[in-house]
There are 2 protein chains.
Amino acid sequence: MEGVRALVFDVFGTVVDWREGIAREAAPFLARHGRADLDPRAFADAWRARYQPAMEECRSGRRPFTRLDVLHRENLEAVLRAHGLDPAGIAEAELDALNRAWHRLDPWPDVVPGLTRLKARYVIAPLSNGNVALLLNMAKRAGLPWDAILGAEVAQAYKPQPEAYLRTADILGLAPGQVALVAAHNGDLKAARACGLRTAFVPRPREHGPGQTSDLAPAEAWDVIARDFEDLAARLGC
Amino acid sequence: MEGVRALVFDVFGTVVDWREGIAREAAPFLARHGRADLDPRAFADAWRARYQPAMEECRSGRRPFTRLDVLHRENLEAVLRAHGLDPAGIAEAELDALNRAWHRLDPWPDVVPGLTRLKARYVIAPLSNGNVALLLNMAKRAGLPWDAILGAEVAQAYKPQPEAYLRTADILGLAPGQVALVAAHNGDLKAARACGLRTAFVPRPREHGPGQTSDLAPAEAWDVIARDFEDLAARLGC
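Residues numbered from 1 in each chain as written. Chains lettered and ligands numbered in written order. Predicted model: local features only at pLDDT ≥ 70, side-chain atom pairs only at ≥ 80, totals over all residues. Heavy atoms only, no water.

The name recorded for chain A in an unreviewed UniProt entry is Haloacid dehalogenase type II, from Caldovatus aquaticus.

Written out as structure tokens, the structure reads:
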């Protein structure tokens, strides 16, 4: 990692536990609308399953870049309909509040102490497909000590498009090799490496719950492999 | 300021003392190149005098949006030539180092304690014509505790274009009236108010040195008028 000046982080799954956070807010919402029978974790999974296809519309050029809050909201309405709930019958403020559950996700326990150590030596910023307001509100609530809020909205491109990584390095005033992506997802790291970024893998084996089968181990010889963010800080001498 | 959720800040002059910071780094540069006779503060003023005209090329549409580091560098070469120094005869690394003096400006003494207090209650971010890397490096060096780095590069528009203010509010996920601009410049506040932002004036009577004649007092009844950032924090109940 010699020469690396900035660490940029995947957020959903790597920094925060989106599944439990969404389930926590979906549970009372579903109960209020007569669907206490639904598993709120399965609801979170169903909402999240629409994430990649929605971004693919933008990546493919079929749709102009559209921030994630908007895609999340469209996906929420679709997933409600798929579960037999009509979003038109639910108050706008209530839909908006549930959509903003993505702004209120909790970090894994090692994140804040790890980032605090890493910040002393590196520029630290999210490189997430989340939009700026989402990431900013999440950081403010959880105490994530980012130096800047970067990512898809600033780069106007969704990962794993090369522009998401390359424009972020350029905005930081750095060469790609001076930036390392920290992620729990091998696919994200692969795309970053193809752009010349350095790579750090931190597994999050409970991101998808107890039955997770994906991204349990590094798929390539990433530049750093760490147990969690505190271990990453230790390995980087922070 | 009821309903305001985010405070966004002009930076050059309002947060940092650009004139003394540039003069401090220009002095040894000029001495090395045989121009110890030049007043480094006058050199800083001459460099800064090219700031608005360079941005006007972008605002007018005659040139695509170009980040401030690039404009600063072009202006540096022009101001060197205007002082009889040929930039082609100076090492690239030395020109780049002087250009990055804009990344190493010191804040006024009330800034860090004031921002720290304001951050407990508001989202705080720069809304500067400086580019992200400039503002980020400045913040990292000076300990400015921004929640995010916003401004012209993220909005792709230079103040006082309305888009610079309106896109910043939109990126924050806020209505213009939920955002207040803090600035030492009446013109900046006037443009922000025309876009529906709230306004806070903090005078910086030494920005241009002891002979300053501009922006010594508020030109309109801004929503808040404070002596400095600590006084601003006190007036906002922080």
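Asker: Go over the relation of the copies chain B and chain A, please, and point to the residues and values.
Answerer: Screw-axis analysis of chain B against chain A gives a translation of 0.0 Å along the axis, an RMSD of 0.0 Å, and a rotation angle of 180°. Between the two chains, the operation in question is that of a two-fold axis. By C-alpha distance to the rotation axis, the residue of chain B lying nearest is B:Ala148, at 2.4 Å. Interface residue correspondence from chain B to chain A reaches 100%, placing this contact among same-surface, isologous pairings. (Least-squares fit on C-alpha atoms with pLDDT ≥ 70 in both. Contact = heavy atoms within 4.5 Å.)

Asker: Tell me about helix α3 (residues 51–59) of chain A, and name the residues and values.
Answerer: All names here are of chain A. Here α3 has its buried residues at Tyr51, Ala54, Met55, Cys58 and Arg59. Along α3, the residues classed as buried sweep out an arc of 145° about the axis, all on the same side. At its buried positions, α3 is contacted by α2 (40–49) and α4 (68–82). Immediately downstream of α3, the backbone of glycine 61 shows phi near 90°, a positive value. (Buried < 20%, exposed > 50% of the residue type's maximum accessible area, 1.4 Å probe, protein only. Helix = DSSP H or I, 4+ residues; strand = E, 2+ residues; numbered from the N terminus. Arc of directions from axis to C-beta.)

Asker: Which residues make up the environment of B:Asp228, and what are the values?
Answerer: Residues and elements named next belong to chain B. Locating aspartate 228 in the fold gives a position in the loop between β6 (224–225) and α11 (229–235). Residue classification places aspartate 228 among the partly exposed residues on the basis of a relative accessible area of 21%. For the pair aspartate 228 and aspartate 110, spaced 118 residues apart in sequence, the C-alpha to C-alpha distance is 6.5 Å. When sequence neighbours within four positions are dropped, the list of residues in contact with aspartate 228 reads Asp110, Val202 and Arg204. Here the side chain of aspartate 228 touches glutamate 230 through a polar contact of 3.0 Å, landing on its backbone nitrogen. A polar contact is formed between the side chain of aspartate 228 and the backbone nitrogen of aspartate 231, at a distance of 2.8 Å. (Polar contact = N/O pair within 3.5 Å; in protein donor to acceptor, adjacent residues only side chain to side chain.)

Asker: Can you break down the environment of B:Leu98 residue by residue, with the values?
Answerer: Residues and elements named next belong to chain B. Mapped onto the fold, leucine 98 is located in helix α5 (residues 92–99). Classification of leucine 98 as buried rests on a relative accessible area of 3%. Spatially, the C-alpha atom of leucine 98 lies 9.0 Å from that of arginine 73, the residues being 25 residues apart in sequence. Setting aside chain neighbours within four positions, we find leucine 98 in contact with Glu25, Ala26, Phe29, Trp47 and Leu76.

Asker: Help me get a handle on the layout of surface pockets, residues and values and all.
Answerer: The space that makes up the largest pocket amounts to roughly 590 Å³. Along the walls of the largest pocket sit 26 residues, with A:Leu172, A:Gly173, B:Arg100, B:His103 and B:Asn137 positioned nearest its centre. Mapped onto the lining of the largest pocket, the elements with two or more residues apiece are α9 (162–171) of chain A together with α4 (68–82), α5 and α7 (132–142) of chain B. Sort the elements by how many residues they give to the lining of the largest pocket and α7(B) lands first, with 5 residues. Residues that form the lining of the largest pocket fall into these classes: 9 nonpolar, 5 polar and 12 charged. (1 Å grid on protein atoms, 1.4 Å probe; cavity = no way out; pocket = protein on both sides within 12 Å on 5 of 7 lines; lining within 4 Å. Points joined across faces, edges and corners; volume = space filled by probe spheres on them. Nonpolar A, V, L, I, M, F, W, Y, C, P; charged D, E, K, R; others polar.)

Asker: Outline the domain arrangement of chain A, supporting the account with residue identities and numerical values.
Answerer: Residues and elements named next belong to chain A. According to the domain assignment, chain A contains domain 1 (6–17 + 105–235) and domain 2 (18–103). Computed from C-alpha atoms alone, the centre-to-centre distance between domain 1 and domain 2 is 23 Å. Of the residues lining the interface, 26 residues belong to domain 1; the matching set on domain 2 comes to 22 residues. Taken together, the two surfaces of domain 1 and domain 2 that pack against each other cover about 2000 Å², and 53% of this comes from carbon and sulfur. There are 2 salt bridges connecting domain 1 and domain 2. One can count 14 residue pairs in polar contact (both at pLDDT 80 or more) joining domain 1 with domain 2. Listed by contribution, the elements that provide at least two residues to the side of domain 1 that touches domain 2 are α7 (132–142) and α8 (152–155). (Domains from an automatic or database assignment. Buried area = accessible area lost by both parts, 1.4 Å probe. Salt bridge = Lys/Arg side-chain N within 4 Å of Asp/Glu carboxyl O.)

Asker: Could you give an account of unusual backbone geometry, naming the residues involved and the relevant values?
Answerer: Residues and elements named next belong to chain A. Note that the residue after lysine 159, namely proline 160, is joined by a cis bond; omega there is 0°. Here proline 160 is to be found in the loop between α8 and α9. Located in the positive-phi region is glutamine 156, a residue other than glycine, with phi close to 60°. Along the chain, glutamine 156 turns up in the loop between α8 and α9. By relative accessible area, which is 46% here, glutamine 156 ends up partly exposed.

Asker: Kindly report on the pattern of salt bridges, identifying the contributing residues and their values.
Answerer: For the coordinates displayed, the defined rule picks out 52 salt bridges over all chains. Two residues, B:Lys140 and A:Asp147, come together in a salt bridge whose shortest N-O distance is 2.5 Å. Taken as a pair, B:Lys140 in helix α7 and A:Asp147 in the loop between α7 and β3 (150–151) lie in two separate chains rather than in one. Between B:Arg104 and B:Glu25 there is a salt bridge, with its nearest N and O atoms 2.7 Å apart.

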